[in-house]
Amino acid sequence: MTPQAALERLRDGHATFLAGAVQTRPQSAAQREALAAGQHPFAAILACADSRTGPEIVFHQALGDLFVVRVAGNVAGTMELGSLEYAAAELAVPLIVVLGHSRCGAVKAAVDVAKNGTALPGHIADLAAAIVPAAQATRDQSGDWVDNATRENVRRSVGVLKESRVLSPLVDAGRLQIVGAVYALETGAVSYLD
Ligand SMILES: [Zn+2]
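### Some points on the sheet that holds strand β4 (residues 177-183)
- Read across the sheet, 5 strands follow the order β2-β1-β3-β4-β5 without closing on themselves; strand pairing throughout is mixed. Every other strand in the sheet has two partners, leaving β2 (66-70) and β5 (190-192) as the edge strands with one partner each. Between one strand axis and the next, the sheet turns by 25 degrees as a mean value, whatever way the strands run.
- In this sheet, β2 lies alongside strand β1 (residues 43-47) in parallel orientation, the contact comprising 5 bridges. By the bridge assignment, Leu-46 is partnered in β2 with Val-69.
- Packed onto the sheet, helix α1 (residues 3-18) meets β1, β2, β3 (95-101), β4 and β5 and runs at close to 15 degrees relative to β4.
- The strands that helix α4 (residues 78-89) touches are β1, β2 and β3; relative to β2, the one it contacts most, it runs at about 175 degrees.

In structure tokens:
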């Protein structure tokens, strides 16, 4: 599948979700057995861990369709990078979508740190620290700071992925596309970033 065809398939599934036309997709025993023999997902998604943003639901896809990496704030750290490099290099997914979302608690925490120097407990501080540069970079932009930081954070994760030594040759060869998008909790719509 080409990157463009993969993106179209995501768009089609998302349109079904947005239209409220989602029907339960039964997984037959035969389908499960086929999947047990090997996976051939057509896209990988780096999404937030937020309970309201499940990619299989938002894009209306079934078991085996999406290779999903989820971490609060959809940051691209070494473990997330390794997972996505595996998806592209070993499973040959032609598309990676970094999917941020509105009202993200992780981004809001990072903005609070940038704005007020808020001290966060435990490893939550480490997570927020990974997003603070996106918050600082959008400090003086007009509009809502959290919204702006959310888009910036997605762009930065896309940038990290594009710099990967495993992923960048695939992108250059036209075998992989890496795009950013934001899911709006309020409307259910996914908007792709430029
Ligand atoms: Zn979130």
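### So, the side chain of Thr-53
- Summarising the element assignment, Thr-53 is placed in the loop between β1 and α3 (55-58).
- There is a polar contact of 3.5 Å between the side chain of Thr-53 and the backbone oxygen of Cys-48.
- Among the polar contacts made by the side chain of Thr-53, one reaches the main-chain carbonyl oxygen of Asp-50 at a distance of 3.0 Å.

### Some words on the coordination of the zinc ion
- Taken together, the protein donors to the zinc ion comprise Cys-48 (SG), His-101 (NE2) and Cys-104 (SG), at separations of 2.0 to 2.3 Å.
- Each donor residue of the zinc ion belongs to the same chain, with the gaps between them written as C-x52-H-x2-C. Neither His-101 nor Cys-104 differs from the other in exposure class; each is buried.

### Some points on the environment of Val-171
- Mapped onto the fold, Val-171 is located in helix α8 (residues 167-172).
- Along the backbone, Val-171 and Phe-67 are 104 residues apart, and their C-alpha atoms lie at a distance of 18 Å.
- Once you skip the residues sitting within four places of it in the chain, Val-171 turns out to touch Leu-176 and Ile-178.

### Looking at helix α5 (residues 105-116)
- For α5, spanning 12 residues, the distance from its first C-alpha to its last is 16 Å, which sits close to the expected 16 Å at 1.5 Å a residue.
- For α5, the set of buried residues is Ala-106, Val-107, Ala-109, Ala-110, Val-111 and Ala-114.
- Buried-residue contacts for α5 involve α6 (124-137) and α7 (145-162).
- Looking at the residues trailing α5, positive phi occurs at Gly-117, about 65 degrees.

### Regarding the pairing of β3
- Counting buried residues in β3 gives 7 out of 7 residues, a clear majority hidden from the surface.
- Here β3 shows a buried face lined by Leu-95, Val-97, Leu-99 and His-101 and a second buried face lined by Ile-96, Val-98 and Gly-100.
- With 4 bridges joining them, β1 and β3 adopt parallel strand pairing. Paired with Ala-44 across the two strands is Ile-96, which belongs to β3.
- Direction of pairing for β3 relative to β4: parallel, over a ladder of 7 bridges. Opposite Val-98, over in β4, you have Gly-180 as the bridge partner.

### As for the pairing of β1
- Counted residue by residue, β1 has 5 buried out of 5 residues, so it is predominantly covered.
- Because side chains alternate across β1, one face comprises the buried residues Ala-43, Ile-45 and Ala-47, and the other comprises Ala-44 and Leu-46, equally buried.

### Quick word on the nonpolar core
- Counting 37 residues, the largest nonpolar core has Ile-96 and Leu-161 as the members making the most contacts within it.
- Setting aside residues up to four positions removed in sequence, Leu-161 forms contacts with Ala-76, Leu-81, Leu-84, Ile-96, Val-98, Leu-167 and Ile-178.
- Of all hydrophobic cores here, the second largest spans 17 residues; its members include Leu-7, Leu-10, Val-179 and Tyr-183.

Rules used in this analysis
- Residues numbered from 1 in each chain as written.
- Predicted model: local features only at pLDDT ≥ 70, side-chain atom pairs only at ≥ 80, totals over all residues.
- Heavy atoms only, no water.
- Pairing = 2+ DSSP bridges.
- Helix = DSSP H or I, 4+ residues; strand = E, 2+ residues; numbered from the N terminus.
- Axes fitted to C-alpha atoms, helices over the stretch in contact; angles between N-to-C directions.
- Contact = heavy atoms within 4.5 Å.
- Polar contact = N/O pair within 3.5 Å; in protein donor to acceptor, adjacent residues only side chain to side chain.
- Donors = N, O, S within 2.8 Å, 3.2 Å for Na, K, Ca; no water.
- Buried < 20%, exposed > 50% of the residue type's maximum accessible area, 1.4 Å probe, protein only.
- Expected span 1.5 Å × (residues − 1).
- Core = buried A, V, L, I, M, F, W, Y, C linked by side-chain atoms within 4.5 Å.

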